[in-house]
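Listed here are the chains, written in short residue letters.
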Amino acid sequence: MTTIALPVRLAHLALAAIAALPLGAAADNVVEPGGWEMKAVITARENPSTPPKTLTESTTKVCLSKAFLAKDPYLTPGIDRDKMEKKGAKCSISDPKRSENTASWKMKCVMADGNSVDMQINNTVAPRKMKSEIRQLVHKGGQDLEMQIIMNSTYIGECTKDMMAL
């Protein structure tokens, strides 16, 4: 099957969406403002009986400002939908759950090209650690591809000029 290229593009869209996903908590003071290192691993498999293959591994350093954390509510499902919709997708969110330091929800999107993706998002935050797990089922041309994105983020101190500012 040669459907890996499109799901990689979808994964990059999803990765862009989650780059800012489990952020925030100025009201709760759950997440420390400052520099964060976000390590993401994207895996995929075309058949449930085959082991997943790693598609990409990446590390990004971002600066989470107090202002950003104050305006972006902690663990917000809408941030994913908004970012996907800016890319031409039409998305819906269901089954939102939230506790003091965890949140989860489901999101279904129909992409601009007609392909679709069903996602289950689970996030956990602490003052200096964050974890996002996104399981996706990508539907393209009658075929399915199962993907997983795991992002582990660690507080690394003060922001520096080389960090992407959020």
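Scroll up a little and you will see the structure.
Residues numbered from 1 in each chain as written. Predicted model: local features only at pLDDT ≥ 70, side-chain atom pairs only at ≥ 80, totals over all residues. Heavy atoms only, no water.

Colleague: Please clarify how the nonpolar core should be interpreted in this entry.
Modeller: Considering soluble globular proteins, one finds that nonpolar side chains tend to be buried as a cluster. Met84, Met107, Cys109 and Met119 are the most contacted members of the largest nonpolar core, which has 18 residues in total. If you list the elements that add at least two residues to this core, you get strand 1 (34-45), strand 4 (102-110), strand 5 (116-126), strand 6 (129-140) and strand 7 (143-157). Discounting residues that sit within four places of it in the chain, Met119 has contacts with Met84, Trp105, Lys106, Met107, Cys109, Ile134, Arg135 and Gln136. In this structure, Val30, Ala40, Leu64 and Leu69 belong to the second largest nonpolar core, which totals 13 residues. (Core = buried A, V, L, I, M, F, W, Y, C linked by side-chain atoms within 4.5 Å. Buried < 20%, exposed > 50% of the residue type's maximum accessible area, 1.4 Å probe, protein only. Helix = DSSP H or I, 4+ residues; strand = E, 2+ residues; numbered from the N terminus. Contact = heavy atoms within 4.5 Å.)

Colleague: What exactly am I supposed to notice about the sheet that holds strand 2 (residues 53-64) here?
Modeller: Within the open sheet, the eight strands sit side by side as 3-4-5-6-7-1-2-8. Their pairing is mixed. Each edge of the open sheet is held by one strand with a lone partner, namely strand 3 (90-98) and strand 8 (164-165). Bridging between strand 3 and strand 4 involves seven bridges; their strand directions are antiparallel. Bridging from a neighbouring strand, Lys97 pairs with Ser104 of strand 4. (Pairing = 2+ DSSP bridges.)

Colleague: What should I look at first to understand the packing of aromatic side chains in this one?
Modeller: One pair of aromatic rings is described through two measures. These are the centre distance and the angle between the planes. Considering all chains together, one arrives at one aromatic pair under this definition. Consider the rings of Trp36 and Tyr155, whose centres lie 5.8 Å apart with planes at 75 degrees: the pair is edge-to-face. Placement of the pair is Trp36 in strand 1 and Tyr155 in strand 7, with a sequence separation of 119 residues. Under the relative-accessibility criterion, Trp36 is labelled buried at 0%. (Phe/Tyr/Trp six-rings, centres within 6.5 Å; stacked < 30°, edge-to-face > 60°.)

Colleague: Explanation requested: the state of the cysteines in the structure shown.
Modeller: One covalent bond between the sulfur atoms of two cysteine residues makes up a disulfide. Taken as a whole and judged by the stated rule, the model has two disulfides. Here Cys63 is linked by a disulfide to Cys159, with a sulfur-sulfur distance of 1.9 Å. On the sign convention where negative means left-handed, the S-S torsion of about 85 degrees between Cys63 and Cys159 marks this disulfide as right-handed. With Cys63 in strand 2 and Cys159 in the loop between strand 7 and strand 8, this residue pair connects regions lying 96 residues apart in the sequence. On the basis of relative accessible area, Cys63 is assigned to the buried category, the value being 12%. Cys159 sits in the partly exposed class, given a relative accessible area of 32%. The side chain of Cys91 participates in a disulfide bridge whose partner is Cys109; the two sulfur atoms lie 2.1 Å from each other. The sign of the S-S torsion, about 110 degrees, decides the handedness of the disulfide formed by Cys91 and Cys109: right-handed. Of this pair, Cys91 sits in strand 3 while Cys109 is found in strand 4, placing the two residues 18 residues apart along the sequence. Overall, the relative accessible area of 13% leaves Cys91 in the buried class. In the chain, the cysteines engaged in disulfides, taken in order along the sequence, are linked 1-4, 2-3. (Disulfide = S-S within 2.5 Å.)

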